[in-house]
Amino acid sequence: MARPQQPGTEVHVDVEGRTLRLTNLEKVLFPATGTTKGEVLDYYARIAPVLLPHLGSRPVTRIRWPHGVGESSFFEKNVPAGAPGWVRTAEVPTTGSRGPSRNGDTIVFPVVDTLPTLVWAVNLAALELHVHQWTVDDAGAPQGADRVVIDLDPGEPAGLHECCQVALWVRETLAEHGLEALPVTSGSKGLHLYARLPEPRDPEETTALAKEVAEGLQAEHGDLVTATMTKARRRGKVFLDWSQNAGSKTTVAPYSLRATPRPQVATPLTWEEVEAGAHDPLALEQFTPAQVLDRVAELGDLFAH
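Residues numbered from 1 in each chain as written. Predicted model: local features only at pLDDT ≥ 70, side-chain atom pairs only at ≥ 80, totals over all residues. Heavy atoms only, no water.

**Notes on the packing of helix H1 (residues 37-55) against helix H3 (residues 115-123)**
Our working definition: Fitted lines through C-alpha atoms serve as axes, helices being fitted only where they are in contact, and the angles separating the N-to-C directions of these axes extend from 0 to 180 degrees. Numbering of helices and strands runs from the N terminus, with a helix taken as a DSSP run of H or I at least four residues long and a strand as a DSSP run of E at least two residues long. Should an angle fall under 35 degrees it is taken as roughly parallel, and over 145 as roughly antiparallel, whereas 65 to 115 is taken as roughly perpendicular and any remaining angle as oblique. Two helices crossing with the near one rotated counterclockwise from the far one by less than a right angle form a left-handed crossing, whereas a clockwise rotation gives a right-handed crossing. The contact definition used throughout considers only heavy atoms, calling two residues in contact when any of these lie within 4.5 Å. Note on residue classes: Ala, Val, Leu, Ile, Met, Phe, Trp, Tyr, Cys and Pro are nonpolar, Asp, Glu, Lys and Arg are charged, and everything else, Gly too, is polar.
Here H1 crosses H3 at 140°, and the two axes come no closer than 9 Å. One finds that H1 runs oblique with respect to H3. Relative to H3, H1 is oriented so that their crossing is right-handed. Residues Lys37, Val40, Leu41, Tyr44, Ala45, Ala48, Leu51, Leu52 and Leu55 of H1 touch H3, and the partners they reach there are Leu115, Leu118, Val119, Val122 and Asn123. Each residue belonging to the contact of H1 with H3 can be placed in one class, and the counts come to twelve nonpolar, one polar and one charged.

**A closer look at the side chain of Arg62**
Applicable threshold: Exposure is judged per residue with a 1.4 Å probe applied to protein chains only, and the accessible area is read against the type maximum: over 50% gives exposed, under 20% gives buried, and values in between give partly exposed. Any N or O atom pair separated by 3.5 Å or less is treated as a polar contact, with the protein-specific requirement of one donor-capable and one acceptor-capable atom, and with residues adjacent in sequence counted only for side-chain atom pairs.
One can find Arg62 in strand E5 (residues 60-64). Residue classification places Arg62 among the buried residues on the basis of a relative accessible area of 2%. Polar contacts involving the side chain of Arg62 include one to the main-chain carbonyl oxygen of Val60, which spans 2.8 Å.

**Some points on the packing of aromatic side chains**
Here is the rule we go by: Within 6.5 Å between ring centres, the rings of Phe, Tyr and Trp (the latter by its six-membered ring) count as paired, and their orientation is classed by plane angle as stacked under 30 degrees, edge-to-face over 60, tilted in between. A ring is scored as having a charge over it whenever the NZ atom of a lysine or the CZ atom of an arginine sits within 6 Å of its centre and within 35 degrees of its normal.
Throughout the structure, instances matching the rule amount to two aromatic pairs. With centroids separated by 5.3 Å and ring planes inclined at 65°, the aromatic side chains of Tyr43 and Tyr44 adopt a geometry described as edge-to-face. Taken individually, Tyr43 and Tyr44 each receive the classification buried, so the pair is uniform in this respect. Note on Tyr194 and Phe303: the rings are 5.0 Å apart at their centroids and 80° apart in plane angle, and the pair reads as edge-to-face. With Tyr194 in strand E13 (residues 191-201) and Phe303 in the segment after helix H7 (289-299), the pair connects residues that are 109 residues apart, well separated along the chain. The pair formed by Tyr194 and Phe303 is uniform in burial state, with each residue classed as buried. Arg171 extends its terminal NZ or CZ atom over the ring of Trp271, reaching a point 4.4 Å from the ring centre. Here the guanidinium or amino end of Arg196 rests over the ring plane of Phe303, the centre of that ring lying 5.1 Å away.

**Points about unusual backbone geometry**
Omega for the bond connecting Glu156 with Pro157 falls within 30 degrees of zero, at 5°, which places this linkage in the cis form. Among the secondary structure elements, Pro157 is positioned in the loop between strand E11 (142-154) and helix H4 (160-176). For Glu16, which is not a glycine, the phi torsion comes out positive at approximately 50°. Structurally, Glu16 can be placed in the loop between strand E1 (10-15) and strand E2 (18-23). Even without being a glycine, Ala125 presents a positive backbone phi close to 65°.

**Quick notes on the pattern of salt bridges**
Pairs can form between side chains of opposite charge whenever their charged atoms are close. What counts here: We count a salt bridge whenever a side-chain nitrogen from Lys or Arg sits within 4 Å of a carboxyl oxygen from Asp or Glu.
As enumerated under the stated definition, the model contains eleven salt bridges in all. Close ionic contact of Glu128 with Arg258 constitutes a salt bridge, the shortest N to O distance being 3.2 Å. Of this pair, Glu128 sits in strand E9 (residues 126-131) while Arg258 sits in strand E17 (residues 257-258), and the two are 130 residues apart along the sequence. Classification of Arg258 as buried rests on a relative accessible area of 15%. The salt bridge involving Asp153 is made with Arg234; its shortest N-O contact spans 3.2 Å.

**Side note on the nonpolar core**
Here is the rule we go by: Note on terminology: a nonpolar core comprises buried Ala, Val, Leu, Ile, Met, Phe, Trp, Tyr and Cys residues joined through side-chain atoms within 4.5 Å.
Of all hydrophobic cores here, the largest spans 77 residues; its most connected members are Tyr44, Ile47, Leu118, Leu152 and Leu240. Among the elements that make up this core, the one with the highest residue count is H1 (ten residues). Discounting chain neighbours no more than four positions away, the residues touching Leu118 are Tyr44, Ala48, Leu51, Leu52, Leu55, Val112 and Leu129.

**Concerning empty space enclosed by the protein**
Rolled over the atoms, a probe with the dimensions of a water molecule shows which regions are left empty. Condition: Only protein atoms enter the calculation, which uses a 1 Å grid: trapped sets of points that fit a 1.4 Å probe without letting it out are cavities, open sets showing protein on both sides within 12 Å along at least five of seven lines are pockets, and any residue with an atom within 4 Å of a point is a lining residue. Grid points are joined across faces, edges and corners, and a volume is the space filled by probe spheres set on the points.
Under the counting rule described, the total for this entry stands at one cavity of 30 Å³ or more. Approximately 50 Å³ is the volume attributed to the largest cavity. A class-by-class count of the residues in the lining of the largest cavity yields six nonpolar, two polar and one charged.

**Quick notes on the environment of Tyr194**
The class for Tyr194 is buried, based on a relative accessible area of 2%. Separated by 64 residues in the primary sequence, Tyr194 and His130 place their C-alpha atoms 14 Å from one another. Leaving out residues up to four positions away in the same chain, Tyr194 has contacts with Gln133, Arg147, Val148, Val149, Glu180, Ala181, Leu182, Val184, Thr251, Val252, Pro254 and Phe303. In this structure the side chain of Tyr194 is engaged in a polar contact, spanning 3.4 Å, whose partner is the backbone oxygen of Val252.

The values are spatial; any link to function lies outside them.
Dropping the structure here:
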């Protein structure tokens, strides 16, 4: 991405036939590393070939940090006023997403299925892109959930090492249900485990399944696992958050940045990496944007496997 010559200026760029006005590319969005909005846009443009397939069938909730991480942020579900007419949208009943809506009974989400739409969204300082576990069809109509997700969230002093240990148990339990788990770093502190479903299911069913897995592992490994949301009970344990399967909930998309002090990315892993992380506390860390781009160049899209 080209940078403006002077602070506060703007550039107009052609992105796959769409003209986009990019502003404030020199603005620092990650003060700890000096990472600018222009560099954030560059990352998203370069990761787009593997990111877009995981966004394109799902409404996208954006978390925007107009003044950078450490400052105020806000969730945005509806397409904002002034959005280009070519941005594809999905009008979703609030009964399916259960989120606040400016339209009363529906939310008009953007569907980020093209590079111009991705660049448009990120130019609005949408650092994090979150998606539901259910999809929409070509007409924008909500479909069932096509996957189950379990968020492994460590309570200090537990960390990624403990998450990797627990992830192996979660993988085994999901396999007993005939489901194959795919590991992804959260980009923050923990791990996300996804399992694709053979056919779409109601989010209430997938939530019940994830809760069953979490509570079963809590019963077996209560010294390290909790399925209880109460933060006071998480210390030193890995909380298995099963609730993100609810129709109203979202999870950060694989390859999305996170608004951590230093830029980190939700990164698909191999199970060999998880196993190494379970045995060695120093074997696995959260990944930077540059590391993720190198991984994709070498390994391809592990989340597509």
